[in-house]
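Topology and contacts: notes
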Amino acid sequence: MRRTLMLLLSCLAIQVMSVAEPARDKDVVITISVDRDVILPCEPLGVAVVLKNKSGNVIEKTGSQWTSFRVKKEGEGENWNSYMGCGLHVLLGPPRKLKLLSGQSFEDICLIHVNSNDEPVFKNPGVYYVQSGTPFGESEAIRIMVKIPELSADIVEPMYNKKLFMLFDEYTAEYFLGKSRNIDNISKDLNDFKESLGSAPYLSWIIFGEFILKKAKIDHQEALKKNDSFDRLIEEYESVAEKLPSPQKENLILAMASIQIDQGRKSEALDILRKIISTHTDGYFKIKAISRLMHIRNLQ
């Protein structure tokens, strides 16, 4: 689904690596979790928020936005930068009124990646804090460490200057490539980055970026050629995905599912999504996969 990239968030396992202690506002427990708590500079971070009604009554709230996120970097004062979710959301349109029955949960996800200036939120190494706000109150803050191996420190700037970090997420890549950019030039930049010294920590992202660029080239082909080309692309990367670490593995699987959805191959897309759902007990990727699965079923 193509939408304008607004503030910073595109909507995007292993077990969730960091979960904040639940915060209570009246009878609702708010829990925030992230897909990992140590990331490289310019990487995206998957965030999941769960609101659960722990009371014995029905609880209702009215609002125009159900989850927002704020981030601050340690050592830069007490100021938080706030962001609202956009891109692929669990709810395509947040409800004006949310009703939670006793014991019922509301789940939402967002991917913290770039801001309105196409700048990575987590560019500089250091400690960051991420917190979610809801009409029921705020979650506890989660501590995120952004670091890179010392020998690879010089590699961040070339990758940053070429905006290659935009290829680290399917949604931001679509936005980036949609700005009349030459795919061949970007492919050359990505390959130069891959061949440079110190790029090893980003190798899994490079593989994902290569997939995204190949997908973009196929999108420009004639309609009659697309299906066969996409079939070959998925066949090429199915085994690759299984060898990648999280979160690149899940992102690649989800990107392949997007292709199957666009091709109208719903059963194949469901099979791909079930690979994530069956291996994740909770958290960002499971919620994201389930939301796409439900979307496919609603189309049937």
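Residues numbered from 1 in each chain as written. Predicted model: local features only at pLDDT ≥ 70, side-chain atom pairs only at ≥ 80, totals over all residues. Heavy atoms only, no water.

**A word on the side chain of His113**
Along the chain, His113 turns up in the loop between strand E11 (105–112) and strand E12 (126–134). Take His113: its relative accessible area is 0%, and that puts it in the buried class. (Helix = DSSP H or I, 4+ residues; strand = E, 2+ residues; numbered from the N terminus. Buried < 20%, exposed > 50% of the residue type's maximum accessible area, 1.4 Å probe, protein only.)

**Quick notes on the confidence of the model for the chain**
Should pLDDT be low for a region, the predicted coordinates there are not to be read in detail. In the predicted model, the chain carries a mean pLDDT of 82, and 83% of its residues have values of at least 70. For the stretch residues 1–18, pLDDT sits under 50, and the model shows 85 contacts to residues farther than four places along the chain or on other chains. When the criterion is pLDDT under 50, residues 86–92 qualifies, and its contacts beyond four places in sequence or with other chains add up to 30 contacts. (pLDDT = per-residue confidence, 0-100. Contact = heavy atoms within 4.5 Å.)

**A closer look at the packing of aromatic side chains**
How two aromatic rings sit relative to each other is set out by the distance from centre to centre and by the angle between their planes. Scanning the model with the defined rule gives eight aromatic pairs in all. With a centroid separation of 6.1 Å and 15° between ring planes, the pair formed by Tyr160 and Phe165 is classed as stacked. With a centroid separation of 5.1 Å and an interplanar angle of 75°, the aromatic rings of Phe211 and Tyr237 are classed as edge-to-face. Taken as a pair, Phe211 in helix H4 (residues 203–219) and Tyr237 in helix H5 (residues 223–243) lie far apart in primary sequence, 26 residues in all. Of the two residues, Phe211 and Tyr237, neither departs from the other in class, the shared state being buried. Through pairs of rings, three or more aromatic residues link up here, namely Phe168, Phe193, Tyr202, Trp205 and Phe208. The aromatic ring of Trp80 is capped on one face by Arg70, whose charged end is 4.3 Å from the ring centroid. Taking NZ or CZ as reference, Lys123 lies 4.5 Å from the ring centre of Tyr160, over its face. (Phe/Tyr/Trp six-rings, centres within 6.5 Å; stacked < 30°, edge-to-face > 60°. Lys NZ or Arg CZ within 6 Å of the ring centre and 35° of its normal.)

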